[in-house]
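Structural characterization, general
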Amino acid sequence: MNQHMPPNPVPFIDIGAQRRRLGKSIDEAVARVLAHCQFINGPEVTELEARLAEFSGAKHVVSCASGTDALLMVLMAKGIGRGDAVICPSFTFCATGEAVALTGATPVFVDVDEATFNIDAASLKRGIVAAKKQGLKPRAVIPVDLFGQSADHDAIAVVAEAEGMFVLDDAAQGFGASYKGRRLGAIGHATATSFFPAKPLGCFGDGGAIFTDDAELAETLRSIRVHGQGSDKYDNVRLGLTGRLDTMQAAILIEKLKIFDDEIAARNKVAERYARFAAALKAQGIPTAIYYVKSMHQQTAYRDYPVAEGGLPVSEQLSDDVISLPMHAYLDEPTQERIIRAVRGAVSS
Ligand SMILES: Cc1ncc(COP(=O)(O)O)c(C=O)c1O
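Let us look at the structure shown here. (Residues numbered from 1 in each chain as written. Predicted model: local features only at pLDDT ≥ 70, side-chain atom pairs only at ≥ 80, totals over all residues. Heavy atoms only, no water.)

Things to note about helix 4 (residues 95-102)
For the record, the criterion: Any residue under 20% of the maximum accessible area for its type is buried, any over 50% is exposed, and the rest in between are partly exposed; the area is computed with a 1.4 Å probe on protein chains only. Counting from the N terminus, the helices are the DSSP runs of H or I reaching at least four residues and the strands are the DSSP runs of E reaching at least two.
Residues of helix 4 that are buried: Ala95, Thr96, Gly97, Ala99 and Val100. Gly104, located one to two residues past helix 4, shows a positive phi value of around 95°.

Written out as structure tokens, the structure is:
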């Protein structure tokens, strides 16, 4: 063996491994759509929504074109706009605050907990104070279940309820996770998720979904998804989007959902093995942490938006510290050992 050959690169997210596992079932699902030709609003879309409702425990599921649209559509349905404040963690993917800004409302950035990287309820309260001082009406909070870990939804609900705020959970990275025995999707007033290929449940393109127990909200979302269509399809009763999930993606997701529980268990095993590694590093005084080089309030487009009183020291610190490691359900133990050895080597040298 050539000692100087670089080792095969480890894929960050191994979508190919899942593709191999699912093989024919995906090909057949796609072939069925190609045969019936109902590429928009085909029967698979309704079937997927029913299966997602069953999986999550939410009463209504409205599939849509992306996780960003899922967030935006809920904010639009709630009539959130200019003069309103929506509180978001700063340490998140930009879509969380972007959806708020697109409605004309003001994202108010708050800090995260240093152990979970999720919204800190104390900072949420300070964000509400900051919003009011700016003459904004705090209408909603968007907790994010970052890196697959559920936010502290009970603590958030207490603060939100006291202020009469709507809770829109951003579960784009956490779909499949549970909080106190309930699946994400059945928590808060509405939940948005993404089916971007790298997400826990990903399709082969863009996609997303909204989960809610509120029948009226679900109906409004179905209208917004198709340009604000009313009961007469030529009478648009509100502003909307082309926000549909296409049938092909729905057909693919139906097949992927069948193995999702098994994948969650496999991911949890991978996470446990990394936790052992993290503990070993921690014992040596070396923190392990994860990404977002810049929190949202440090990014050019969001610099002028308000932040919670007292600043966001944890988000800023995490942005400096955090690295991420390969994480997917098909990461086998020898490969993971290789990653750990490489990290150990890098840290010790
Ligand atoms: C936390 C979070 N929110 C929202 C989104 C937006 O999802 P999409 O890329 O499907 O629009 C993402 C996706 O990367 C995300 O990580």
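What about the site of the ligand?
Worth spelling out the cut-off: Proximity is defined per residue: any heavy atom of the residue falling within 4 Å of a molecule or strand makes that residue near it. Pairing of N or O atoms within 3.5 Å defines a polar contact, subject to two protein rules: one partner must be a possible hydrogen donor and the other a possible acceptor, and residues neighboring in sequence count only if both atoms are side-chain atoms. Surface exposure here means Shrake-Rupley accessible area, sampled with a 1.4 Å probe, where a residue is shielded only by the protein chains that are shown.
In the vicinity of the ligand lie 14 residues, with Gly67, Thr68, Asp170, Ser194 and Lys199 positioned nearest. Within the side chain of Thr68, one N or O atom sits 2.5 Å away from an oxygen atom of the ligand. Look at the ligand: alone it shows 390 Å² of surface, and the protein chains cover 92% of it. Of all the secondary structure elements, the ones that give two or more residues to the shell around the ligand are helix 3 (67-77) and helix 4.

Topic: the side chain of Glu44
The line we're drawing: Here the positive residues are Lys and Arg and the negative ones are Asp and Glu; neither His nor the chain ends is included. What counts as a salt bridge is simple: a side-chain nitrogen of Lys or Arg found within 4 Å of a carboxyl oxygen of Asp or Glu. Should any heavy atoms of two residues lie within 4.5 Å, those residues are considered in contact.
Along the chain, Glu44 turns up in helix 2 (residues 43-56). We note that Glu44 is buried and unpaired, the nearest opposite charge coming from Arg32 at a distance of 4.9 Å. At 2.9 Å, the side chain of Glu44 and the side chain of His36 are in polar contact. Not counting the four nearest positions on each side in its chain, Glu44 is found in contact with Arg32, Val33, His36, Thr247, Ala250, Ala251 and Ile254.

Topic: the layout of surface pockets
For clarity, the threshold we go by: In this analysis, the protein atoms alone were mapped onto a 1 Å grid. Cavities are point sets where a 1.4 Å probe fits without being able to get out; pockets are open sets with protein on both sides within 12 Å along at least five of seven lines; lining residues have an atom within 4 Å of a point. Grid points are joined across faces, edges and corners, and a volume is the space filled by probe spheres set on the points. In this classification, the charged set is Asp, Glu, Lys and Arg, the nonpolar set is Ala, Val, Leu, Ile, Met, Phe, Trp, Tyr, Cys and Pro, and all remaining amino acids, among them Gly, are polar.
There is about 190 Å³ of room inside the second largest pocket. Lining the second largest pocket we find His153, Asp154, Ala157, Ala160, Glu161, Val167, Arg182, Ile187, Gly188 and His189. It is helix 6 (residues 153-163) that contributes the most residues to the lining of the second largest pocket, five residues altogether. Per-class residue counts for the lining of the second largest pocket are four nonpolar, three polar and three charged.

Focus: the sheet that holds strand 1 (residues 60-64)
Filter applied, for reference: Between any two strands, at least two bridges found by DSSP are needed for them to pair. The angle between two axes is taken between their N-to-C directions and runs from 0 to 180 degrees, where each axis is a line fitted to C-alpha atoms and a helix contributes only its stretch in contact.
Strand order across the open sheet formed by seven strands is 1-9-8-5-4-2-3, with mixed pairing between neighbours. Each edge of the sheet is formed by a strand with only one pairing partner; in this case those strands are strand 1 and strand 3 (106-110). Pairs of neighbouring strands in the sheet enclose a mean axial angle of 30°, with direction left out of account. Here helix 5 (residues 121-133) sits on the sheet and contacts strand 2 (84-89), strand 3 and strand 4 (137-141); the angle it forms with strand 3, its principal contact strand, is near 140°. Along the sheet, helix 7 (residues 215-224) contacts strand 1, strand 5 (166-170), strand 8 (190-194) and strand 9 (208-212); its crossing angle with strand 1, the most-contacted strand, is approximately 20°.

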